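An overview of the molecular structure
Listed below are the residues making up each chain.
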Amino acid sequence: MSWIEALILGIVQGLTEYLPVSSSGHLQIGQHLLNIENGGLTFDIVVHVATVCATLVVLWKEVAWLISGFFRWDGKMNDEQKYVLNIVISMIPIGIVGLVFKDYIDSIFEGSLMVVGVCLLITSFLLALTHFYHPRENENISHKHAFIIGLAQAVAVLPGLSRSGSTIATGLLLGNSKKSLAQFSFLMVIPPILGEALLDFKHIFAPSAEYLMEHGNSAPIETSSLIVGFIAAFISGCFACNWMISMVKKCKLIYFAIYCAIAGIFTIYLSL
């Protein structure tokens, strides 16, 4: 992978991790258009970690608020501890899917542009629903809603089904406040992304026979390409995270629904 390809894919990852258009789906489309057969597991880990760093930078005040309050005990659970509990609850579905089914799902759907296209159309439908259906807003996200939003995140392991799009659309359709949901939907993905990166490290340092059979011994990516990819994903991620928070608060997701519909149709056409 050249540094130019790393730059392009890094920007794609940074933007699409936060915009509700599916980062995994767009990476597959990008690799297909650039004629890259295997982007490299190391590169995927690097750009995913870069997007986590972007989240921590953009939401550093919220993260500092959670950390400071989490370790303070006043005789009962404070707002920060309740918030962290919601994040933990939201992680349960994706934790089960990631530990038990992720490798199986990847082996079936990875590289399938048809699946990406269909899932982009599903993402488009979910986002369009938020434009036409407006339930009364709840100021705080309940434990039940946190779990349901977590289920949406777990389903979004399918390539082309946007993680942010699924969680935000589900939260809005449940009637959660736009302001609280915009913040929660990005904070809740930090642990799963880091957990996924740790699981993927296992394949790098101790690859299984099944992994080697599927991916082969891919050539290592140059350090310069990894650095370029990280910086590109981090900068574009910061921009996209800020922009997406603003878009959720204004509830203007219909534009992304239109884009996903067009991208889905185009991807299905590429797969034929």
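Please refer to the structure placed before this passage.
First, a word on scope: everything that follows refers to the structure included in this document. (Residues numbered from 1 in each chain as written. Predicted model: local features only at pLDDT ≥ 70, side-chain atom pairs only at ≥ 80, totals over all residues. Heavy atoms only, no water.)

1. Regarding helix α2 (residues 23–33)
Of all the 11 residues making up α2, eight are buried; the element is thus mostly covered by neighbouring parts of the structure. Along α2, the residues that are buried comprise Ser23, Gly25, His26, Leu27, Gln28, Ile29, Gly30 and Gln31. Phi turns positive one or two residues past the end of α2, at Asn35, with a value near 60°. (Buried < 20%, exposed > 50% of the residue type's maximum accessible area, 1.4 Å probe, protein only. Helix = DSSP H or I, 4+ residues; strand = E, 2+ residues; numbered from the N terminus.)

2. Here's the deal with the packing of helix α1 (residues 3–18) against helix α12 (residues 223–250)
For the pair α1 and α12, the least separation of the axes is 7 Å and the interaxial angle reads 25°. One way to sum up the angle between α1 and α12 is to call them roughly parallel. Handedness of the crossing formed by α1 with α12: right-handed. Listed contacts from α12 to Trp3, Ala6, Leu7, Gly10, Ile11, Gln13, Gly14, Leu15 and Tyr18 of α1 are Ser225, Val228, Gly229, Ala232, Ala233, Ser236, Gly237, Phe239, Ala240, Cys241 and Met244. Taken together, the residues of the contact of α1 with α12 sort by class into 13 nonpolar, seven polar and no charged. (Axes fitted to C-alpha atoms, helices over the stretch in contact; angles between N-to-C directions. Parallel < 35°, antiparallel > 145°, perpendicular 65-115°, else oblique. Left-handed = near helix turned anticlockwise from the far one by under 90°. Contact = heavy atoms within 4.5 Å. Nonpolar A, V, L, I, M, F, W, Y, C, P; charged D, E, K, R; others polar.)

3. Some points on helix α13 (residues 254–271)
With 18 residues, α13 extends 26 Å between its outermost C-alpha atoms, agreeing within 8% with the 26 Å of an ideal straight helix rising 1.5 Å per residue. The set of residues buried in α13 consists of Ile254, Phe256, Ala257, Cys260, Ala263, Gly264, Thr267 and Ile268. Close packing links the buried residues of α13 with α2, α6 (113–132) and α12. (Expected span 1.5 Å × (residues − 1).)

4. Quick word on the environment of His48
Position of His48 relative to the elements: it lies in helix α3 (residues 41–58). Judged by relative accessible area, which is 15%, His48 ranks as buried. Residues His48 and Gly10, 38 residues apart in the sequence, show an inter-C-alpha distance of 9.3 Å. Excluding its chain neighbours within four sequence positions, the residues that come into contact with His48 are Gln13, Glu17 and Ile193.

5. A look at a nonpolar patch on the surface
On the surface, Ile92, Ile96, Leu99, Val100, Phe101, Phe147 and Leu151 cluster together into a nonpolar patch covering about 660 Å² of accessible area. Of all the elements in the fold, those that place two or more residues in the nonpolar patch are α5 (79–109) and α7 (143–155). It is α5 that contributes the most residues to the nonpolar patch, five residues altogether. Following the sequence through the fold, Phe101 ends up in helix α5. (Patch = residues over 30% accessible without salt bridge, like charges linked within 9 Å, V, L, I, M, F, W, Y side chains within 5 Å. Areas by Shrake-Rupley, 256 points an atom, 1.4 Å probe, with all protein chains shown as cover. Salt bridge = Lys/Arg side-chain N within 4 Å of Asp/Glu carboxyl O.)

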